[in-house]
There are 2 protein chains.
Amino acid sequence: MESMSDDRLSLLRRGPRFAELGDDELAGAHELATERSFACRETLFREGEEAEEFLVVLAGRVKLTQLGSDGQEVIARFLGPGDMCAAVAIFPGGTYPATAEAVEETRALGWRREPIDALLRRYPAFAVRAMRVLSERVRELQDRVRELSTERVAQRIARALVRLARQVGRPVEEGVLLDLPLTREDLANMTGTTLYTVSRVLTEWETAGIVRTRRRRVVIRRPHGLVSIAEDLPDPAPPGQREGSTT
Amino acid sequence: MESMSDDRLSLLRRGPRFAELGDDELAGAHELATERSFACRETLFREGEEAEEFLVVLAGRVKLTQLGSDGQEVIARFLGPGDMCAAVAIFPGGTYPATAEAVEETRALGWRREPIDALLRRYPAFAVRAMRVLSERVRELQDRVRELSTERVAQRIARALVRLARQVGRPVEEGVLLDLPLTREDLANMTGTTLYTVSRVLTEWETAGIVRTRRRRVVIRRPHGLVSIAEDLPDPAPPGQREGSTT
DNA sequence: CGTGTGTTTGAGGCACGTCAAGTGTCGTGG
DNA sequence: CCACGACACTTGACGTGCCTCAAACACACG
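About the criteria used
Residues numbered from 1 in each chain as written. Chains lettered and ligands numbered in written order. Predicted model: local features only at pLDDT ≥ 70, side-chain atom pairs only at ≥ 80, totals over all residues. Heavy atoms only, no water. Least-squares fit on C-alpha atoms with pLDDT ≥ 70 in both. Contact = heavy atoms within 4.5 Å. Buried area = accessible area lost by both parts, 1.4 Å probe. Salt bridge = Lys/Arg side-chain N within 4 Å of Asp/Glu carboxyl O. Helix = DSSP H or I, 4+ residues; strand = E, 2+ residues; numbered from the N terminus. Buried < 20%, exposed > 50% of the residue type's maximum accessible area, 1.4 Å probe, protein only. Polar contact = N/O pair within 3.5 Å; in protein donor to acceptor, adjacent residues only side chain to side chain. Pairing = 2+ DSSP bridges. Axes fitted to C-alpha atoms, helices over the stretch in contact; angles between N-to-C directions. Near = heavy atom within 4 Å. Nonpolar A, V, L, I, M, F, W, Y, C, P; charged D, E, K, R; others polar. Core = buried A, V, L, I, M, F, W, Y, C linked by side-chain atoms within 4.5 Å.

1. Overview of the relation of the copies chain B and chain A
- Once turned by 180° and shifted 0.0 Å along the axis, chain B lies on chain A with an RMSD of 0.1 Å. Such a turn and shift between the copies fits a two-fold axis.
- Taken together, the interface assignments show that 100% of the residues at the interface of chain B recur at the interface of chain A, consistent with an identical surface on both copies.

Written as structure tokens, this is what we have:
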């Protein structure tokens with residue numbers, strides 16, 4: 001019991017989200033939570049259901065999706081250890097705005113409405129921290145809206161990859177591995193395009209040496225190349241490649 | 001001085017944002033604020049500047065915009081009385097995520113970081129209320145992302161109009177007037193398209209009797225028609241129109 | 001009464017979606 | 001351990017929704 005507590009506490013602390021909370025806040029918080037486990041492909045909750053629990057991921061990865069009017073799925077974002085979701089559960093009558101599905105074996109901490117409400121009112125720092133996280137999310141979403149409104153598909157895919165690299169990138173010798181199972185369709189659903197277009201763009205980048213892909217895996221070999229595409233800059237000469245056909 | 005206080009207090013209370021706060025919270029809050037006035041077309045703050053004040057609009061309308069990479073503007077949303085913005089000002093080092101420009105004569109209340117921080121920690125209800133507003137904004141933005149990802153231009157324009165009707169719609173005899181100056185370009189910047197396409201769509205709807213437009217003004221004559229387009233439903237027969245060519 | 005800002009309309013092109021086939025790869029059960 | 005089936009991915013051909021550019025019009029304001 002004790003060791004499990006410590007385990008969860010340190011996991012919570014390791015995540016970026018709760019680093020600023022004091023020990024007592026954290027202990028108070030985690031005491032009121034219940035831990036849940038989910039198998040790969042299991043859904044944590046569904047869009048539209050009444051929101052019961054506010055969740056913080058301890059381990060694993062979760063895909064948050066919404067359903068488009070004609071049935072296609074739109075990926076809101078991926079969650080990893082330390083990420084929170086379902087903030088609406090704090091308010092009575094709220095419904096989950098998205099569906100959450102584990103894409104790996106996943107563990108999470110859940111708080112029901114009353115405890116989390118008590119927590120927020122008892123530890124203002126907790127609420128302020130949550131506000132900060134929400135503000136960041138608002139900013140991210142506004143960025144995404146801007147991108148979808150003004151940028152071409154290739155730029156958006158590049159941005160999605162860069163974002164994923166920051167979030168779940170793991171350095172490997174070849175470059176940066178995106179450490180989650182990621183299909184072309186996932187990428188399409190993140191950027192508002194189709195899996196066909198994503199496929200074409202990725203093979204193009206593959207021949208340019210920018211990425212290396214295998215089934216459900218992406219390795220970014222030249223991050224800067226992606227950034228250039230995202231920012232619509234002239235292509236920086238990749239190391240060891242000959243150029244000379246611009247005219 | 002007293003009457004001015006009362007004036008602002010009641011204005012604050014009238015807005016949907018602060019209705020849940022108690023009297024002392026509200027009084028405490030408004031005491032720490034400073035009032036500002038802005039002429040039409042004056043900018044309250046610019047994207048990227050260091051965020052100095054958290055703002056609540058008392059009267060008038062404000063356009064929140066972001067700049068796309070190649071200079072075109074994307075409209076995040078419009079603010080009316082009771083709406084808040086620049087929540088980032090609460091956190092040290094934050095920068096405004098958008099540019100705010102008054103599109104009418106506007107008055108607003110502003111709080112600097114220290115007072116608002118004190119307020120949040122002193123009145124947890126204030127923070128919880130702010131969280132709720134932020135959660136709603138997150139939901140709205142996710143909806144917009146979904147729309148931009150999956151829907152055609154006409155649907156998105158219809159949705160934008162429906163949304164505006166809810167927010168700033170004023171019943172007039174002809175239908176519902178959108179009570180703010182709104183150009184085709186504004187609508188384009190709200191929906192990720194061009195003013196040309198918006199113009200074409202609107203003239204089509206005008207001949208169908210769904211809207212009536214004048215320069216910078218839009219009146220929605222058949223709200224249900226717009227909703228049908230937004231939801232991609234079969235066109236409901238408008239009152240007094242003949243049909244019979246479906247096969 | 002002009003000048004600017006908002007708006008309409010047309011012609012043309014392209015980026016991307018759509019549909020159709022096909023290849024490779026993983027996991028599973030015999 | 002192999003064979004099958006499902007899933008992930010590729011590639012081509014084709015269509016089209018919307019952007020782009022150019023021109024002219026109309027209303028509002030000084």
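Picking up after the structure, the text goes on.
2. Brief notes about the interface of chain B and chain A
- Contact with chain B, which involves 40 residues of that partner, is made by 40 residues of chain A.
- Between chain B and chain A, roughly 3900 Å² of surface is buried when both sides are summed, and carbon and sulfur atoms account for 68% of that area.
- Summed over the three residues of chain B that lose the most area to chain A, namely Phe-91, Met-131 and Gln-142 of chain B, the buried surface amounts to 17% of that side.
- In this assembly, chain B and chain A are joined by zero salt bridges.

3. Digging into the side chain of Arg-159 of chain B
All names here are of chain B.
- Checked against the element boundaries, Arg-159 lands in helix H5 (residues 153-168).
- You can call Arg-159 buried: its relative accessible area is 14%.
- Reaching out from Arg-159, the side chain makes a polar contact with the backbone oxygen of Ala-230 at a distance of 3.2 Å.
- In contact with Arg-159, not counting residues within four places along its chain, are Glu-147, Glu-151, Ala-230 and Glu-231.

4. Focus: the sheet that holds strand E12 (residues 217-220) of chain B
Residues and elements named next belong to chain B.
- The sheet built from four strands is open, its strands ordered E9-E10-E12-E11 with antiparallel pairing. Looking at the sheet topology across the chains shown, the edges are occupied by strand E9 (169-172) and strand E11 (211-214). Averaged over all neighbouring strand pairs, the angle between strand axes comes to 25°, with direction disregarded.
- With two bridges joining them, strand E10 (residues 175-178) and E12 adopt antiparallel strand pairing. By the bridge assignment, Val-176 is partnered in E12 with Ile-220.

5. As for the protein's contact with DNA strand C
- Taken together, the neighbourhood of DNA strand C is formed by 18 residues, with Thr-193 and Thr-197 of chain A together with Ser-199, Arg-215 and Arg-216 of chain B sitting nearest.
- Among atoms of DNA strand C positioned within 4 Å of the protein, sugar and phosphate together represent 58%.
- Within the side chain of Thr-197 of chain A, an N or O atom sits 2.6 Å from a phosphate oxygen of DNA strand C.
- Ranked by residue count, the leading element in the surface near DNA strand C is helix H7 (residues 195-207) of chain B, at five residues.
- Of the residues that constitute the surface near DNA strand C, the class distribution is four nonpolar, seven polar and seven charged.

6. Notes on the nonpolar core
- Among the nonpolar cores identified, the biggest contains 91 residues, and Phe-45, Trp-111 and Met-131 of chain A together with Phe-45, Trp-111 and Met-131 of chain B are the most heavily contacted of them.
- If sequence neighbours within four positions are ignored, Met-131 of chain B has contacts with Ile-90, Phe-91, Leu-120, Ala-127, Ala-130, Met-131 and Leu-134 of chain A.

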